[in-house]
Amino acid sequence: MKSKALSLPPAAASRTPASARPTAGRKKTGMGTKHDDKRIAILRTAAQLFAEKGYESTSLDNIAERLGMHKATLYHYVANKESILYQCQMLSFSDLDNVIEKTRDRSVPVLQRLRDFVRSLAVAQNSDFGRCLVLVGQRPLEMSSGSDGDIRQFQRRLDSTVRALVTEGIADGSVRPCDPGMFSALLFGALNWVPRWYSESGKLSIPQVADNFMDTLIDGIAAARR
């Protein structure tokens with residue numbers, strides 16, 4: 001099953017280090033689209049290798065070999081290994097703004113909005129780019145250039161979205177009084193482990209895993225008292 005990643009927030013794009021950005025001014029002509037398709041293919045392959053082997057153990061030679069191209073050809077599309085990691089992680093943000101906007105639609109019950117948000121996030125985290133973000137993390141970028149700020153901002157937006165939904169649920173009576181921050185920590189702790197153990201050959205799809213998590217978090221595991 002091909003999973004879809006969670007477009008980079010506009011504000012984040014403006015802070016992207018120059019070495020990590022796609023060539024500026026490239027128009028979506030046939031040639032430009034072909035170039036971008038190739039760049040995405042390179043990034044996807046790199047994300048897979050970073051998740052499989054680890055960032056430090058993956059070289060540009062490994063990426064080129066997996067793609068069946070010369071290492072020198074990579075430099076037509078990416079600047080260096082750090083820029084590859086940065087772009088891979090930023091691509092895991094895809095559609096974040098739309099997903100968050102849907103959580104604000106109060107015509108939908110708050111617990112359903114929370115469930116839909118968690119399902120979208122779980123699918124995103126288990127895409128090639130999402131797994132790269134979860135398994136590699138932002139530490140290599142922090143150590144090399146301090147360019148992990150966009151990743152941290154992304155994580156804060158996710159956390160604040162969950163907290164806001166829980167707070168709304170408490171206010172309308174659909175969620176019992178609890179600490180929204182602790183609920184968010186528990187939820188993301190569970191979701192962040194899924195890319196480490198999930199297998200597509202298993203019994204459940206990613207949306208089903210997310211629904212099982214939410215059933216447990218919402219209903220608990222204690223049997224109803226008689």
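The structure we're discussing is the one just above.
Reading guide: rules and limits
- Residues numbered from 1 in each chain as written.
- Predicted model: local features only at pLDDT ≥ 70, side-chain atom pairs only at ≥ 80, totals over all residues.
- Heavy atoms only, no water.
- Salt bridge = Lys/Arg side-chain N within 4 Å of Asp/Glu carboxyl O.
- Buried < 20%, exposed > 50% of the residue type's maximum accessible area, 1.4 Å probe, protein only.
- Helix = DSSP H or I, 4+ residues; strand = E, 2+ residues; numbered from the N terminus.
- 1 Å grid on protein atoms, 1.4 Å probe; cavity = no way out; pocket = protein on both sides within 12 Å on 5 of 7 lines; lining within 4 Å.
- Points joined across faces, edges and corners; volume = space filled by probe spheres on them.
- Nonpolar A, V, L, I, M, F, W, Y, C, P; charged D, E, K, R; others polar.
- Core = buried A, V, L, I, M, F, W, Y, C linked by side-chain atoms within 4.5 Å.
- Contact = heavy atoms within 4.5 Å.
- Axes fitted to C-alpha atoms, helices over the stretch in contact; angles between N-to-C directions.
- Parallel < 35°, antiparallel > 145°, perpendicular 65-115°, else oblique.
- Left-handed = near helix turned anticlockwise from the far one by under 90°.
- Phe/Tyr/Trp six-rings, centres within 6.5 Å; stacked < 30°, edge-to-face > 60°.
- Lys NZ or Arg CZ within 6 Å of the ring centre and 35° of its normal.

Novice: What should I look at first to understand the pattern of salt bridges in this one?
Specialist: It is possible for side chains bearing opposite charge to pair when their charged atoms get close. Taken as a whole, this structure holds twelve salt bridges when the rule is applied. Two residues, Glu101 and Arg104, come together in a salt bridge whose shortest N-O distance is 3.1 Å. Here Glu101 falls in the partly exposed class, since its relative accessible area comes to 47%. Here Arg104 falls in the exposed class, since its relative accessible area comes to 54%. Linking Arg115 and Asp215 is a salt bridge whose minimum nitrogen-to-oxygen distance equals 3.0 Å. A residue pair is termed long-range when its members are at least 10 positions apart, and Arg115 in helix α7 (residues 110–125) and Asp215 in helix α13 (residues 206–219) qualify at 100 residues. By relative accessible area, which is 16% here, Arg115 ends up buried. We classify Asp215 as partly exposed; its relative accessible area is 34%. Each member of the salt-bridge network shares a partner with another, and the members are Arg115, Asp116, Arg119, Asp211 and Asp215.

Novice: I keep staring at the side chain of His35 and nothing clicks. Help me out?
Specialist: Along the chain, the position of His35 falls in helix α2 (residues 30–53). Overall, the relative accessible area of 14% leaves His35 in the buried class.

Novice: Where do I start with the layout of surface pockets in this structure?
Specialist: A probe as big as a water molecule, rolled over the atoms, marks out the empty space that is left. One number sums up the size of the largest pocket: a volume of about 390 Å³. In this structure, the largest pocket is lined by 16 residues; those nearest its centre are Arg176, Cys178, Phe183, Leu217 and Ile218. Among the elements of the structure, α7, α11 (180–191) and α13 are those that each provide at least two residues to the lining of the largest pocket. The biggest single contributor to the lining of the largest pocket is α13, with four residues. Of the residues belonging to the lining of the largest pocket, the class tally is ten nonpolar, three polar and three charged.

Novice: Is there a simple way to think about the nonpolar core in this case?
Specialist: Most often, soluble globular proteins have nonpolar side chains that are buried together. Among the nonpolar cores identified, the biggest contains 51 residues, and Phe50, Ile63, Leu74, Ile84, Cys88 and Val162 are the most heavily contacted of them. It is α7 that contributes the most residues to this core, seven residues altogether. Not counting residues within four places of it along the chain, the set of residues in contact with Val162 comprises Leu114, Phe117, Phe183, Ser184, Leu187 and Phe188.

Novice: Any chance you could explain the packing of α7 against α13 here in plain terms?
Specialist: The geometry of a pair of packed helices is captured by two quantities: the angle between their axes and the separation between those axes. For the pair α7 and α13, the least separation of the axes is 9 Å and the interaxial angle reads 140°. Regarding the angle of α7 to α13, the classification is oblique. Relative to α13, the crossing made by α7 is right-handed. Taking contact as the criterion, the partners of Leu111, Leu114, Arg115, Val118, Arg119, Ala122 and Val123 in α7 are, on α13, Ile206, Pro207, Ala210, Asp211, Met214, Asp215 and Ile218. The residue makeup of the contact of α7 with α13, split by class, is ten nonpolar, no polar and four charged.

Novice: Quick question: what am I supposed to make of the packing of aromatic side chains here?
Specialist: For the structure on display, the rule yields two aromatic pairs. Measuring from ring centre to ring centre gives 5.1 Å for Phe50 and Tyr55, while their planes differ by 65°; the resulting arrangement is edge-to-face. Both residues of the pair, Phe50 and Tyr55, count as buried. Residues Trp197 and Tyr198 carry aromatic rings whose centres are separated by 6.3 Å and whose planes lie at 65° to one another, so their mutual orientation is edge-to-face. For the cation-ring pair, Lys81 lies above Tyr55, with the distance from its terminal atom to the ring centre recorded as 4.3 Å. In this structure, Arg196 is placed above the aromatic ring of Trp193, and the distance from its NZ or CZ to the ring centre is 4.9 Å.

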